[in-house]
Amino acid sequence: MKTSNLLLSTTRETPSDAVVISHQLMIRAGIIRPLAGGLYNWLPLGVRVLRKVEAIIRQEMDRAGAQEILMPVVQPLELWDESGRAEDYGPELLRFKDRHDRDFVLGPTHEEIITDLVRREIRSYKQLPANFYQIQTKFRDEIRPRFGVMRSREFIMKDAYSFHMDHDSLQATYDNMYDTYNRIFSRLGLNFRAVQADTGSIGGEGSHEFHVLADSGEDYIAFSTESDYAANVELAEAVAPRGERAAPTAELTKVATPGKHSIEEVCDFLQLKKKVVAKTLLVKGATEAHPVVALVVRGDHELNEIKAQKLELVADPLEMASDEAILAAAGCNAGSIGPVGLNIPVIVDRTAAVMSDFVCGANEDGYHFTGANWERDAQITLVADIRNAVKGDPSPDGKGKLEIRRGIEVGHIFQLGNKYSAALNATVQNENSRAQVLEMGCYGIGVTRVVAAAIEQNYDDKGIMWPESIAPFQVCIVPMQMHKSPRVAEVAEKLYAELQAKGVDVLFDDRAERPGVMFSDMDLIGIPHRIVIGERGLDNGMLEYKHRRDESSQDVAQEGFIDFLLGKLSQ
RNA sequence: CGGAGUGUAGCGCAGCUUGGUAGCGCACCUGUUUUGGGUACAGGUGGUCGGGGGUUCGAAUCCCUCCACUCCGACCA
């Protein structure tokens, strides 16, 4: 490709509304252009990257024995009614009617469609197991699209669905996909981790997320410093502290804390550390008998909503109690609540349960207690793991401590079980000629998100530094003053033709631009290997080579240059 | 959905307080210049000032209303 034939729409200025680096660089490098909220045009350079990502995914999925199919973006609402998800999915599911007034949706995912297809096509257990995948556009009407293509409304996803007669077969395919995903993300050149994940509303037994590690990630991941343990913080167990609770040494004392509500304010006011305070939150209960439930965590910890809403007494989804309900249950406003004398169930985090002589709200506006102690002053209904794991917690597998880092979720594999197959009655005949509901797994990769994630991990102040495997071009040729030097032009054209003949993906910058403009553009769009051709070098029979990540360039003899470059490419 | 903010040339912005012929930088076009890291000079193209309504002799500017977008939060996979 020659730049004269490429829509190379680079800009010097950063768009003001792009807050993450990948979004900024994708706009500046001419990879994407915004169309409307959460919708983007992909320019030629961007499509080249997308196609490379897709090619790697296809190769590995095919190698793993999956079969590629293609399902429609537009789906009949009927199937979503049948699975029950039309209601569950809510406004994120974009609905519309066709000219015959029939209801349709834009597919945010394809479980219903594939299950419908399989129930029609697959009759016998002999046809199983089977794993079908597609690389396709999805639409989710996100409340708040942001970060460019990292959280857009329309995006490209590789989604795969497997079907099985029993759980062992599902487990085998799941394990196969786990390995396949590791291969895919390794080949994409990403620094990633597979982590145990919550199965969310889809349910099912096993689930792993694949996260690209980046500070701009929206998820928090807990790792063991000494083992392979890794889990989404949503899921990571905060293990019970060792040792018994210390015996009380202080008297329960009421102190005035006028106008101090947050843990921070109270601690500043009383000159305390947050870890000696018990934080009490009132949430809606799951039962009529207990419409409000108290949750207690240590002052320096955060409530984990996912863990809390799994408890029997707690409403799912978790919802904070209203101001009126708080006043009725505790006799004060939020900010002065504490477990002492509370007449509702009190669920205490494992760590908070071993506190002694702690500080808490006095259930009276403007007052707190010091020297509070469990059992003596406040009763515990249940001790449970209801907080987020934090840095330094012991790893749940008993090896090492937890480290917390941020990640971008680029892949997710699930064991779905029979949730969809049962709802849609997807059955086949088993060996006993009986209809049997299928076991399912599903496996997703956010293709467009991978592109953004790759940039989040690979950039410098000049622009993108693509991993070799997904760069829009492997090599760029930058001739100096080609339009005035027939010699430079001739060498450049010849090299271009030779590299193309060797199957190298090469971009030839044949614009009549100043060298500085060319260098800046090539750095910005992140081509890994750069060849500069100029009179100066040719006088000595030299070409100039530089890798995007190299500090400086090196002169390489024209003689044998192609072999030198091919050697670099195969590294 | 709650809070905040912004809509003026393709992009980034000024002008609005105090109403009086639409501006700057980048980009783009022409010419000259320069030629190994976004060169310089000169000239030029391009705008329903988000839409509608109102006040006024006169509205980008003041008022009303609608729309769109962005940021923070909540919500949600």
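Going by the structure above, here's the rest.
Predicted model only: the values in this text are computed from it and were never measured. (Residues numbered from 1 in each chain as written. Chains lettered and ligands numbered in written order. Predicted model: local features only at pLDDT ≥ 70, side-chain atom pairs only at ≥ 80, totals over all residues. Heavy atoms only, no water.)

Sorry, what's going on with the overall build of chain A here?
When helices and strands are counted, chain A shows 15 helices and 30 strands. Dimensions of chain A along its principal axes, counting C-alpha atoms only, are 90 × 70 × 50 Å. The proportion of buried residues among the 571 residues of chain A is 52%. In chain A, once contacts between residues fewer than 6 apart in sequence are set aside, the share between residues at least 24 apart is 69%. (Helix = DSSP H or I, 4+ residues; strand = E, 2+ residues; numbered from the N terminus. Buried < 20%, exposed > 50% of the residue type's maximum accessible area, 1.4 Å probe, protein only. Contact = heavy atoms within 4.5 Å.)

Could you clarify how one ought to interpret the pairing of strand 11 (residues 219-224) in this entry?
Every other side chain in a regular strand lies on the same face of the sheet, so the side chains alternate between the two faces. Counting buried positions over the six residues of strand 11 gives five, a clear majority of the element. Bridging between strand 11 and strand 20 (residues 402-417) involves six bridges; their strand directions are antiparallel. Bridge assignment links Phe223 to a residue of strand 20, and that residue is Glu403. Relative to strand 12 (residues 230-232), strand 11 runs antiparallel, the two sharing three bridges. (Pairing = 2+ DSSP bridges.)

Would you mind going over the nonpolar core with me for this structure?
Soluble globular proteins tend to pack their nonpolar side chains together in the buried interior. In terms of nonpolar packing, the biggest core is built from 66 residues, with Val53, Tyr181, Phe185, Leu188 and Trp466 touching the most fellow members. With near-sequence residues (within four places) excluded, Tyr181 lies in contact with Lys158, Phe210, Gly411, His412, Ile413, Tyr443, Gly444 and Ile445. Ranked by size, the runner-up nonpolar core spans 25 residues in total, among them Ala321, Val346, Cys360 and Ala378. (Core = buried A, V, L, I, M, F, W, Y, C linked by side-chain atoms within 4.5 Å.)

Before we go on, may I ask you to explain the sheet that holds strand 28 (residues 529-533) in this structure?
Two modes of strand pairing occur in sheets, parallel and antiparallel, and in both the strands are linked by backbone hydrogen bonds. Taken in spatial order, the five strands of this open sheet run 27-26-28-29-30, and their pairing is mixed. Among the strands making up the open sheet, the edge pair consists of strand 27 (506-508) and strand 30 (554-557). Strand-to-strand twist of the sheet, defined as the mean angle between neighbouring strand axes without regard to direction, takes the value 30 degrees. Bridge count for strand 26 (residues 475-479) against strand 27 is three bridges, and the pairing is parallel. What sits directly across from Ile477, in strand 27, is Phe508. Running over the sheet, helix 12 (residues 486-501) touches strand 26, strand 27, strand 28 and strand 29 (542-547) and is turned about 170 degrees from strand 26. (Axes fitted to C-alpha atoms, helices over the stretch in contact; angles between N-to-C directions.)

Purely geometric stuff here, so don't read any function into it on its own.
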